[in-house]
Every structure is written in C-alpha cells, then in structure tokens.
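Report on the structure
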Amino acid sequence: MEWPLSPICEIARPINRKVIVDPEKSYRLLGMRSRIGGPFIRETKLGTEISASTLNRVEVGDFIYSRLFAWQGSFGVIPQQFDGAFVSGEFPIFEVDPARADARFLVFWFGLPESQKIVEADCFGSTPGTRNRYKEAYFLNLSVPLPPLDEQRRIVTRLDRIAELIEKRRQAIAASEAELQALLSKAFKRAIHRTPLRSMAEVAPLVRRPVEIEPDKSYPELGVRSFGRGTFHKPALDGAQVGTKKLFHIEPGDLVFNIVFAWEGAVAVVQSDDKGRVGSHRFLTCVTAPNTVTADFLQFYFLTHDGLQQLGEASPGGAGRNRTLGLKKLEAIKVPVPPIGVQHWFDHLLAKAYRVRRIRDGTAQDIDALPSAMLREVFGGGNAML
C-alpha cells in the first residue's frame, strides 16, 4: 500500500522569531550535522562578536534544516536542551502541524539517499558542494509520502530505537580506539625514554626518483590523507597531459609526506599495494637508514603531539595551502632513535593494533551503512519517493 503524497506547505509553516543582536548579551549558536545528525551547539558568542544584526530563536519541537547542506541530509528537530538557542538566517525553522505529521518522521524521510537527491536537484549556488542553498520555497513545495499519524509515530519509535543502538555501538568503537591509542602512546613513551635525538637527514634522508615522462604512458598517482589515515590511490595521469609537472617514483617502505598538509599529520608509510605509483613534487619521500630506524616507528612519532609540533614549525605560513613543509626544515627535524630492537618491539605492537583497527573499521563501515538500509526497509522504495 502506497502512502498519499502531501505538500510540505500543507503540514508546516515558517517560523520567524527574529531578535536584534544585543552587543552586551551572549548567544548559544546552533549548527546542523549532515546525515540527519541533528542540531548541536556550535559556539557561544557575545553580541559584539556576531556580524549579523539579527538572529532567529528556536524552540523545542521546531523543524530545522541547513540551506547549505540540505542536500547532505542536514535536517533535524530541536530537542529540549537547545530550547531558546539561536540560528542565523541560513537555518530556516518551521512548525509542523502535530495533527498531520510527526516532525521526526519528516527528518527520517530526508535521511533517505533518494530524498537527498531530490533536494540536491533543487539546490542552487556558485560552488557545487559548498554553496548549494536549498531555498524555503522548494522545501515547502516538496511533496512527501505521509501515512496516518499513528503509523508515523510507530515508524519514528522503531527508527529511534535503532538509532540509539547504532549510537551506542559507535561510542563503544570510539572508546575502544581511545584505549588502544592510549596503550600505544604509553608503549611509545617507554620506547623513547632517554633516547638520543638524530636528524632526519641522518637517519631517513630524502630520496627523489624522477620519472621520465613518456606521452603514450599513464602514471597512477598516490595520495596521502591527513591525520595519519594512510595512503590512497588517485586516478592515473596520461603522459601527454602531465605537461611540465614533475613526477617522482614512490616505493613501498618509503616514509612519505604531503608537504601541503604535513602539519596536520599527512604522513604515511607506503604499502606494498602502492607499488608502481608516483607523486608530484608535493610529496617528499624519505628512506630509512638500514638497521638504524624503521619507517613505521618514525611515522608514529610524527603523529604524536611532539612530532606534529615539529612538522608545524617546519611548515611556515598561514593556514591550509599556505603552510608548506620545507625540504631543508624537514631534514633538520630531530627524531628519537632508540636501539633497533626496541623499535622492532614497538612495531610489532603497532602491527597488532593495525590488525585490530582493520577488523573494527569493517564493523564501523557496516554500522555507517545501517541507517540508510534501515530507512529504505522501513519506508519502502515505492512509498518513499515521488
């Protein structure tokens, strides 16, 4: 049985509780998470710190969304703890007719990937993905499938229960990761206790392997994620398209830095499945001296507070792409180098931790896929869409 479609304008009306910003008052300002993650307290500011002349006050039960990220499912309902907080004009708020619809039912419907595609089609902006705004007129004119109110509440109760279980599992995974990281940090401190420092130029010098570009060949690139999240594979470049861009061979076992984001942990050890990939001049590869230091040990150091601080100091400039790791500065960084046997002991612990993380990451991916799967199952493909 398919549910009848109802225009949102028939079940919700815009709310305007605008207040003039008082320079002497403080305001709790809300943000909105994507994937129907709901509202959160972004920050508290004094009126003198707010550029807008007016703000809109929210109340418990309000339906709200982000104009900028509606296409990513940035919809929610204001909970009790955020009653009386404020939002800018980028967050339209509405009162949903309780006799016609449950506001949480609407939120879950907007969590469907298919619903988000409908929203995205009505978004407009100067830069796709960052400036696409979902205007209120399109929201109000959108028709949604609306079962009887009792059925809506039953669906909301079921999905809330599932969401609660998923959140508990996510919290357990996060707690387990924090405990694992704490154990590794403790073991690392033990490994480097009273250890002499040696320069990168001495123990892991920079190695460049220039690629001779041939127009009829392709060159698969390697990327490095920030925050120690490893390498990833970029699309291949055609030799004819490389132009004056310089490329360098990257080999398994290299310690590689993305010089643009090294200051936020864009450092990784190249893996065996990365073999044959290349990097631009923005990727510095260091090769560890045999029987002196291991690449895994150095990578872990550069992801500690002290290591990141050194990378930050070696990357002068402003923020983002204006901060670039200097070649000479990298070579001058001094790192702890305990006996190689101690490093192998720590690397063995690290390998065990990585195996645990891979298993846990698989579980986390399954958990991330659950909400969409459950939404589709509850709503049913034919009932959910126009």
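Residues numbered from 1 in each chain as written. Predicted model: local features only at pLDDT ≥ 70, side-chain atom pairs only at ≥ 80, totals over all residues. Heavy atoms only, no water.

Next up on the list: the layout of surface pockets. The computed volume of the largest pocket comes to approximately 1,300 Å³. If you trace the largest pocket, you find 42 residues lining it, with Gly228, Arg229, Gly230, Tyr354 and Arg357 closest to the centre. Top contributing element to the lining of the largest pocket by residue count: helix H4 (residues 149-191), with nine residues. Each residue belonging to the lining of the largest pocket can be placed in one class, and the counts come to 17 nonpolar, 11 polar and 14 charged. (1 Å grid on protein atoms, 1.4 Å probe; cavity = no way out; pocket = protein on both sides within 12 Å on 5 of 7 lines; lining within 4 Å. Points joined across faces, edges and corners; volume = space filled by probe spheres on them. Helix = DSSP H or I, 4+ residues; strand = E, 2+ residues; numbered from the N terminus. Nonpolar A, V, L, I, M, F, W, Y, C, P; charged D, E, K, R; others polar.)

The subject of this paragraph is the packing of aromatic side chains. Under the counting rule described, the total for this entry stands at 22 aromatic pairs. When the centroid spacing of 6.3 Å and the interplanar angle of 50° are considered together, the rings of Phe63 and Phe110 count as tilted. Taken together, the residues span a long stretch of sequence, with Phe63 in strand E7 (residues 63-65) and Phe110 in helix H1 (residues 103-110) at a distance of 47 residues. For the pair shown, Phe63 and Phe110 are each scored as buried. (Phe/Tyr/Trp six-rings, centres within 6.5 Å; stacked < 30°, edge-to-face > 60°. Buried < 20%, exposed > 50% of the residue type's maximum accessible area, 1.4 Å probe, protein only.)

Glancing now at the sheet that holds strand E16 (residues 255-258). Read across the open sheet, the three strands follow the order E17-E16-E19; overall the sheet is antiparallel. Sheet topology places strand E17 (267-269) and strand E19 (283-286) at the edges, where each strand pairs with a single neighbour. Ignoring strand direction, the axes of neighbouring strands in this sheet form an average angle of 25°. Helix H7 (residues 295-302) rests against E16 and E17 of the sheet, and its axis sits at about 160° to E17. (Pairing = 2+ DSSP bridges. Axes fitted to C-alpha atoms, helices over the stretch in contact; angles between N-to-C directions. Contact = heavy atoms within 4.5 Å.)

A few words now on the side chain of Asn258. Mapped onto the fold, Asn258 is located in strand E16. Of the residues examined, Asn258 reaches a relative accessible area of 10% and is grouped as buried. Each residue touching Asn258, except ones within four places of it in the same chain, is listed here: Val224, Ala266, Arg282 and Phe283.

Taken as a whole, this structure holds zero disulfides when the rule is applied. Looking at the unpaired Cys123, the closest cysteine sulfur is the one in Cys9, lying at 18 Å. Note on Cys123: relative accessible area 9%, which makes it buried. (Disulfide = S-S within 2.5 Å.)

Under the criterion given, the structure shown has one cavity of 30 Å³ or more. Approximately 40 Å³ is the volume attributed to the largest cavity. Considering the residues around the largest cavity, the lining is formed by Met200, Ala201, Ala204, Pro205, Leu206, Cys286, Leu330 and Glu331. Residue assignment for the lining of the largest cavity shows that the elements contributing at least two residues are helix H5 (200-203) and helix H9 (327-332).

Looking now at unusual backbone geometry. Even without a glycine there, the phi angle at Arg35 is positive, about 55°. Examined against the element boundaries, Arg35 turns out to sit in the loop between strand E4 (26-33) and strand E5 (38-46). In this structure Arg35 comes out as exposed when scored by relative accessible area, which is 69%. For Phe227, which is not glycine, the phi dihedral falls at a positive 60°. Judged by its relative accessible area of 57%, Phe227 falls in the exposed class.

It is worth spelling out the pairing of E19 at this point. Look at any regular strand and the pattern is simple: side chains alternate between the two faces of the sheet. Burial along E19 is two-sided: Phe283 and Thr285 and Leu284 and Cys286, pointing in opposite directions, are all buried. In this structure, E16 lies alongside E19, joined through four bridges in antiparallel fashion. Counted as the bridge partner of Val256 is Thr285 from E19.

Our next topic: the packing of H4 against H7. The interhelical angle for the contact between H4 and H7, taken along N-to-C directions, is 110°, at an axis separation of 12 Å. Relative to H7, H4 is oriented roughly perpendicular. Between H4 and H7 lies a crossing whose hand is left-handed. On H7, the residues touching Gln181, Leu184, Ser185, Phe188 and Ala191 of H4 are Phe297, Phe300 and Tyr301. Looking at the contact of H4 with H7, its residues break down into six nonpolar, two polar and no charged. (Parallel < 35°, antiparallel > 145°, perpendicular 65-115°, else oblique. Left-handed = near helix turned anticlockwise from the far one by under 90°.)

The next point concerns the sheet that holds strand E10 (residues 93-96). The antiparallel open sheet is built from four strands, whose spatial order is E2-E10-E7-E8. Looking along the sheet, the strands with just one partner apiece sit at the ends: strand E2 (12-14) and strand E8 (75-77). Strand-to-strand twist in this sheet, taken as the mean axis angle between neighbours without regard to direction, amounts to 30°.

Looking now at H1. Most of H1 is tucked away: seven of the eight residues are buried. For H1, the complete set of buried residues consists of Ala103, Phe105, Leu106, Val107, Phe108, Trp109 and Phe110. For H1, the N-terminal capping position is held by Asp102, with its side-chain oxygen 2.8 Å away from the main-chain nitrogen of Arg104. (Polar contact = N/O pair within 3.5 Å; in protein donor to acceptor, adjacent residues only side chain to side chain.)

Here the focus is the pairing of strand E6 (residues 54-57). Across three bridges, the pairing between strand E3 (residues 18-20) and E6 is antiparallel. Bridge pairing links Val19 to Leu55 in E6. Where E6 lies against strand E9 (residues 86-87), two bridges are found, and the strand directions are antiparallel. By the bridge assignment, Arg57 is partnered in E9 with Phe86.

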